[in-house]
Each structure stands twice: as C-alpha cells, then as structure tokens.
Amino acid sequence: KRQKSTSALDVLTMNVKDFCNVLVGVCNVPNLEQILLEFSPSGMMIYGKPIESPVVVMSFWNTSMFATYHCTQSIRKWVSRDRMEILRKKIVKDVASLTIRELVGASDGFQFSGMRVYTTGGTCQFTFNVFEWVSTVEPVAMNLCYDWHVHTSSQKLHNNIDFIDDKSEFVSMTLSGRTLSFEGINDTGMVSEQISHETGESDIHAEFNSLFYKRYLKIVTGAQFLHKTVTISFNPDESDRVYPVLFS
C-alpha cells in the first residue's frame, strides 16, 4: 500500500509512456540545456526554450492525468535536460507508474520513483533524483490567439518531414486548400525534395507559407505517439508583426 506523504508535492501518474513521449519532443530541442518543471494545484507544466532560440516547447498536464495528485503550493525548478533524457531512457520500457516528489535540503530538485517490472525475474523498486539548476530565466508567455487551425495525421506529418533529407537545412511548409506541402531547401537555395498530403479540412480557405529549420520540425515529429492528430495553428504575418506557428 502506498503511504501518504507529508511533502508539499506527491503525485503519481500511470501515463508513463506519454511522459516519455513529451520528453522526446522537449529533449529534441537543439542547444537546450535546462527544462522547467512546475507543479501547482491545477497540474504540471514542462517547459523548454534555449537562449536566443525561436522555438518554445511546453506541455501542461491537468490533474486528471494523475492517479493521485497532492500539491499544496506552486513548486518550480529548472533541471538538466541531459538528466531528464537519462530518466526517460530508464523508465520508457519497464515502468508502469511514476511517483514524483520534491527534494528539499542540501540538494534541491525532484525525486522520481516507481517499480520496474521485468519479463522474467519479478520487480524492483527504484528512485532517480534530478537536481535543481539555479536560473533566473522567466518562461515566455504563449498567450496568442490564432484564427486558423488545421488538423492533420501525426504519422503523415512525421513521415513527410522525415522524407526531407537532413542535408536540407530548411523546410518550406505551404497550406493551399486541403493540401499541406513540404519542400526541402538545400544549402544552395534549391528545392531538393517535395512531398504533400491532404489534411482532410474542407472549410479552410487560407493560403499560408512558412519556412522552418528542419531540426526544429523534428521536435514536433519526435512526439508523434502522443496523439494520432497534430493541430497546426497560425495567423497571416502582418507588416508590423510576425506570428509564430503553433503545433499542438
């Protein structure tokens, strides 16, 4: 029987594979060194953004994603991206549930614990500590409103972006009617690959084009197993403002 903790933070989730899939996307962010983990009475947030980078990755987990959720105050700590990637590799296969508690004292951070279940040989208990990094960085507020939303298959999006060769540094994404097209742009500025698919949308009449570094699109495709559908939200760029594209 799981003992009740007196800690300000004591949560248990059975959604370990989803947690690992989120970490795949976050840890795919180029040049990312720190990840922010924030717990509040309303849920958990995972956030990452490298300094001087145009990409922001954020995942919010409502309390309904947890089997038990005890959090009496807001707790936020920056932790090592590399340490979280090691955690993901340790728990992705043999762990069915994950408990997260706060480390307080000489070494602040978070403690992840649970039971590893093996095909043969039974089970074992584990704890994995992730220590806090001191940081004064504040998360970027992502409170934009978007007028256009396109829903497309996560698998198609992954496969079509993967079709673009990694030697193509840039990928052009174009929406025309129901067709979502991708073009790989090589270092000479020439189109090296082109691939497209139908999104299934029938009420979108906007024409939209945007250019991305391919390595940033791989953040989105790396988390394809979270859901069968990806929503792409955008606003046409105005003369005095350029809007980011939101993949969710």
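Residues numbered from 1 in each chain as written. Predicted model: local features only at pLDDT ≥ 70, side-chain atom pairs only at ≥ 80, totals over all residues. Heavy atoms only, no water.

A. A look at the overall build of the protein. When helices and strands are counted, the protein shows 4 helices and 16 strands. Its C-alpha atoms put the protein at 60 × 45 × 35 Å along the principal axes. When the 248 residues of the protein are sorted by exposure, 45% land in the buried category. When contacts within the protein are restricted to residue pairs at least 6 apart in sequence, long-range pairs at least 24 apart make up 64% of them. As displayed, the protein offers around 13800 Å² of accessible surface, 50% of which is attributable to carbon and sulfur atoms. When the 23 positive and 27 negative side-chain charges of the protein are each reduced to one mean point, those points stand 12 Å apart. (Helix = DSSP H or I, 4+ residues; strand = E, 2+ residues; numbered from the N terminus. Buried < 20%, exposed > 50% of the residue type's maximum accessible area, 1.4 Å probe, protein only. Contact = heavy atoms within 4.5 Å. Areas by Shrake-Rupley, 256 points an atom, 1.4 Å probe, with all protein chains shown as cover. Lys, Arg positive; Asp, Glu negative; His and termini not counted. Charge placed at Lys NZ, Arg CZ, Asp CG, Glu CD.)

B. The arrangement of the pairing of strand β9 (residues 123-133) in detail. The pairing of strand β6 (residues 75-80) with β9 spans 2 bridges and is antiparallel. Residue Trp-78 lies in a different strand from β9, and its bridge partner there is Trp-133. Strand direction decides the pairing type here: strand β8 (residues 109-117) and β9, joined by 9 bridges, are antiparallel. Looking at the pairing, Gly-114 lines up with Phe-126 of β9. The turn joining β8 and β9, which pair antiparallel and follow one another in sequence, is formed by 5 residues; a positive phi near 100° is taken by Gly-121. (Pairing = 2+ DSSP bridges.)

C. Structural detail: the environment of Asp-10. Here Asp-10 shows up in strand β1 (residues 9-13). A sequence separation of 62 residues divides Asp-10 from Thr-72, and the C-alpha atoms of the two residues are 9.4 Å apart. At 3.3 Å, the side chain of Asp-10 and the side chain of Arg-101 are in polar contact. (Polar contact = N/O pair within 3.5 Å; in protein donor to acceptor, adjacent residues only side chain to side chain.)

D. Quick peek at the side chain of Thr-221. Relative to the assigned elements, Thr-221 resides in helix α4 (residues 214-222). Thr-221 has contacts with Leu-157, His-158 and Ile-161, leaving out every residue within four places of it along the chain.

E. Here's a closer look at a nonpolar patch on the surface. On the surface, Met-58, Val-140 and Met-142 cluster together into a nonpolar patch covering about 250 Å² of accessible area. Within the secondary structure layout, Val-140 lies in the loop between β9 and β10 (148-153). A residue is classified by how much of its surface remains accessible, and Val-140, at 36% relative accessible area, is partly exposed. (Patch = residues over 30% accessible without salt bridge, like charges linked within 9 Å, V, L, I, M, F, W, Y side chains within 5 Å. Salt bridge = Lys/Arg side-chain N within 4 Å of Asp/Glu carboxyl O.)

F. Representation of the sheet that holds strand β14 (residues 207-213) within the structure. Spatially, β13-β12-β11-β14 is the arrangement adopted by the 4 strands of the open sheet, whose pairing is antiparallel. On the outer flanks of this sheet lie β13 (191-198) and β14, each paired with one strand and no other. Adjacent strand axes in the sheet meet at a mean angle of 15° when their direction is disregarded. When strand β11 (residues 170-176) meets β14, the two strands line up antiparallel, connected through 7 bridges. (Axes fitted to C-alpha atoms, helices over the stretch in contact; angles between N-to-C directions.)

G. Examining the environment of Val-220 more closely. Mapping Val-220 onto the fold places it in helix α4. Taking the relative accessible area as the measure of exposure, Val-220 reaches 22% and is therefore partly exposed. Separated by 129 residues in the primary sequence, Val-220 and Ile-91 have C-alpha atoms spaced 21 Å apart. With near-sequence residues (within four places) excluded, Val-220 lies in contact with Leu-157, Val-230 and Phe-247.

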